[in-house]
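Okay, here's what each chain looks like letter by letter:
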Amino acid sequence: MQATQYSQSVTQTVAVTTGSTTNVTLALTAGTMTVQVRWAGVAVNGATVQVTGGPGSVNLTQTTPASGNVSFASLPPGGGYAISATKSGQTTTLTNQTL
């Protein structure tokens, strides 16, 4: 099993004048984690992939299609994620993953 993380951030400068009101819209950075489930180099169809933990204490589950790939979007950046893949009673887990 391989996990690939992507994140994106944007910086914007805002000028605030004394005595005036300035409204600022903030967008929190979120990332996408793509998990590839393979056995002996072959994509695993029907594996249950679970992502837990991280800064938002997520608990998300998906089932792999024929490609063996699933993506989890809008995850908070940071560490502490655990990723597990289960198929036919066999489980592999990656711990302390960072996005």
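Scroll up a little and you will see the structure.
Residues numbered from 1 in each chain as written. Predicted model: local features only at pLDDT ≥ 70, side-chain atom pairs only at ≥ 80, totals over all residues. Heavy atoms only, no water.

Helix and strand content of the protein chain: zero helices and nine strands. In sequence order, the protein chain lays out its α and β elements as β-β-β-β-β-β-β-β-β. Burial analysis of the protein chain (99 residues in total) assigns 24% to the buried set. The long-range fraction of contacts in the protein chain, counting pairs at least 24 apart against all pairs at least 6 apart in sequence, stands at 53%. (Helix = DSSP H or I, 4+ residues; strand = E, 2+ residues; numbered from the N terminus. Buried < 20%, exposed > 50% of the residue type's maximum accessible area, 1.4 Å probe, protein only. Contact = heavy atoms within 4.5 Å.)

We now examine the sheet that holds strand β6 (residues 58-63). Reading across from one edge, β6-β5-β8-β9 is the order of the four strands in this open sheet, with antiparallel pairing throughout. The sheet is open, and its two borders are formed by β6 and β9 (90-97), each paired with just one other strand. With strand direction ignored, the average angle separating the axes of adjacent strands in the sheet is 15°. Pairing geometry for strand β8 (residues 81-87) and β9, over six bridges, is antiparallel. Across the sheet, Tyr81 pairs through a bridge with Gln97, a residue of β9. (Pairing = 2+ DSSP bridges. Axes fitted to C-alpha atoms, helices over the stretch in contact; angles between N-to-C directions.)

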